Each structure stands twice: as structure tokens, then as C-alpha cells.
Amino acid sequence: MELSTYALAIVQGDTLDAKLAPPAAALTDRAPGPALRLEAPGRPASLAIRPGRLARVPRAQGMSDPAQRARILHAAANHELQAIELFAWALLAFPDAPPRWRRGLLCILLEEQTHCRRYAERLAAFGLAFGDLPVSGYFWHKTPTLTSPLRFVCAMSLTFESANLDHALDLAARARAAGDETSAQLFERIHHEELRHVRFGWRWLARLKDPTHSMWQAYCAHLTYPVRPAFARGAAFSIEARRRAGLSEDFIAEIGRQSDP
């Protein structure tokens, strides 16, 4: 099967199983085809993208309340589902990207499938199925600005997934404080695996940027407002996580200085 065929099946799939299905056979990338920039994903009715005001997510403090914790886990599953779709979207949008970039995206996509599946399974302990609550399309709304492989990794890998390094650790600590060790370990495991995703973005920023620009200059230049560097961190900023992801000390310091008014 061609990689582009698999990617298209994921983006256009109208069942959760279609989104989470691993490749049925070895994938080749000999015929990626013309660039295809899909505007929206296929979805089952229960996971149709709704306006953000209808899919609000509790703050991290809500982890102390099992009902709010379930809503946070549901939102986390949706973030992973959108990541799956967006990595598949990028494989279709950038057929001329370096082959190693495309294979790296596939590896991340497969891990995101596992993350989504784990969150969905955890929801069962709270009496919920994935799709029982409204979901937003926050990542999907950013696709018009993701016009190159470099812009894609700056937004997805070095901003949204970077921030999730902090969010996952914060949520793990709050789940543990509430006595939910199972959810705490789930957040910690996903945090650990997403270090590789941030490292992927860092390496490709170095490879794709203008060599006359610093890493920070190139990163900032390839984000489109409203996405901005302040989105690359959580309230509890982990320097050590970013060191493990391979980011430089000066880049980490710049992220640490970011805040929204």
C-alpha cells in the first residue's frame, strides 16, 4: 500500500476504527501523488467537529473532580485524534517533502493512534465512550496556515506538542493527588513518548530553516498568528523535558520567557 493511500483513508475515514487502524501491509512511498490539502476530516456523527464554545474543556484544577477529570480525558483523546488526522493530512499536503520527514511523520502518527486508543480506553472507567461529549477542531482550524513542512513542524511539533509536555506532567500530578494513579501513569507515559515528537520537530527545524537564521528566529518566523511561541509551554514549564527532547538551552530559555497577557 502507498503511504498516501493510507493517509487518505485516515483523514477521510468516517469511523473511529478507520482512524486508529494500523497499516494492513508494508507501506511504500514511491508514488505520493499531487499535493492534496483537505479542508476537513471525515468523522462519525458522534465525533463531528463542533464550535469551541460547545466543547469547552475544564482547567487542570478540575482533575480533583472525577466528572471534570473525565471531560479532560475526553478532550485529550480528541487532541490525539486531531494529531492523527493532521499528520496524515501533512503526508497528503506535502508529497515533495524529504522522504525521511515523511517516514518520521508516519512513525509519529502510529504513536498518536496508540495515545488516542489509551485515552479512549481510560474513559470507560468513568462510564464514558469517546464521542459521548462534544469535540472541537482546534488543530484543524490551523491548517490554512500550515503551508510548508517547516511551518507544519513549527506549529505541531514545536508548539502544540511542546506545550503538551507540560500539560501532561501537570495533569499527571493532579490525577495522582486525587488518588487516580492509573490516569497519572497514562499521562506520564504519553509525556515520555511525546518527547520524540518534539525532538522530530527540532531536528527538522534545523534541517529546513534558512541557515542564516538562528533556531529561534526561524521558529518564530514560521508561526502564523494566533499561534505564537507562548502556546509552546504550559503554566508549569518543564526545562528538563525540553532538554530530554534535545532543544538547546537558549531556545528553552526563550520558550520559558513566553507568556500571554
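Here goes a summary of the coordinates provided.

Definitions and cut-offs
Residues numbered from 1 in each chain as written. Predicted model: local features only at pLDDT ≥ 70, side-chain atom pairs only at ≥ 80, totals over all residues. Heavy atoms only, no water. Helix = DSSP H or I, 4+ residues; strand = E, 2+ residues; numbered from the N terminus. Rg over C-alpha atoms; globule rule 2.2 N^0.38 Å. Buried < 20%, exposed > 50% of the residue type's maximum accessible area, 1.4 Å probe, protein only. Contact = heavy atoms within 4.5 Å. 1 Å grid on protein atoms, 1.4 Å probe; cavity = no way out; pocket = protein on both sides within 12 Å on 5 of 7 lines; lining within 4 Å. Points joined across faces, edges and corners; volume = space filled by probe spheres on them. Nonpolar A, V, L, I, M, F, W, Y, C, P; charged D, E, K, R; others polar. Phe/Tyr/Trp six-rings, centres within 6.5 Å; stacked < 30°, edge-to-face > 60°.

This part is about the overall build of the protein chain. Scanning the protein chain from N- to C-terminus turns up nine helices and zero strands. For the protein chain, the α and β elements follow one another from N to C terminus as α-α-α-α-α-α-α-α-α. Here the C-alpha atoms of the protein chain give a radius of gyration of 18 Å, agreeing with the 18 Å that 2.2 N^0.38 yields for 261 residues. If you line up the protein chain on its principal axes, its C-alpha atoms span 50 × 40 × 30 Å. Counting over 261 residues, the protein chain shows a buried share of 51%. Taking the contacts inside the protein chain whose residues are at least 6 apart along the sequence as the reference set, 80% of them involve residues at least 24 apart.

This next bit is on the side chain of His197. Assignment of secondary structure puts His197 in helix H6 (residues 181-208). Given the relative accessible area of 1%, His197 is considered buried. Residues within four places of His197 in sequence aside, it is in contact with Ile108, Glu111, Glu112, His115, Ser157 and Glu161.

This part takes up empty space enclosed by the protein. Taken as a whole and assessed by the stated rule, the structure comprises one cavity of 30 Å³ or more. Taken as a whole, the largest cavity encloses approximately 50 Å³ of empty space. Considering the residues around the largest cavity, the lining is formed by Lys142, Thr145, Leu146, Ala155, Phe160, His222, Leu223, Thr224 and Val227. Here the residues of the lining of the largest cavity sort into five nonpolar, three polar and one charged.

Following the criterion strictly, the structure yields 14 aromatic pairs and no others. Ring centres 5.2 Å apart and planes at 75° place the aromatic pair Trp216 and Phe251 in the edge-to-face group. Separated by 35 residues along the polypeptide, Trp216 in helix H7 (residues 215-221) and Phe251 in helix H9 (residues 249-256) bring together distant segments of the chain. Note on accessibility: Trp216 and Phe251 belong to one class, buried. Ring plane angle 65° and centroid distance 5.3 Å describe the contact between Tyr219 and Phe251, whose orientation is recorded as edge-to-face. In this pair, Tyr219 is assigned in helix H7 and Phe251 in helix H9, connecting sequence segments 32 residues apart. One exposure class covers both Tyr219 and Phe251, and it is buried. Feature note: the residues Phe87, Trp89, Phe94, Trp101 and Phe152 constitute an aromatic cluster, connected by ring pairs.

Turning next to the layout of surface pockets. What the largest pocket holds in volume is close to 1,600 Å³. As for the largest pocket, its lining consists of 49 residues, of which Val57, Pro58, Arg59, His79 and His167 are closest to the centre. For the lining of the largest pocket, the secondary-structure elements that each account for two or more residues are helix H3 (66-93), helix H4 (99-123), helix H5 (149-177) and H6. Of all the elements, H5 adds the most residues to the lining of the largest pocket, at ten residues. Of the residues in the lining of the largest pocket, the class split is 25 nonpolar, 13 polar and eleven charged.

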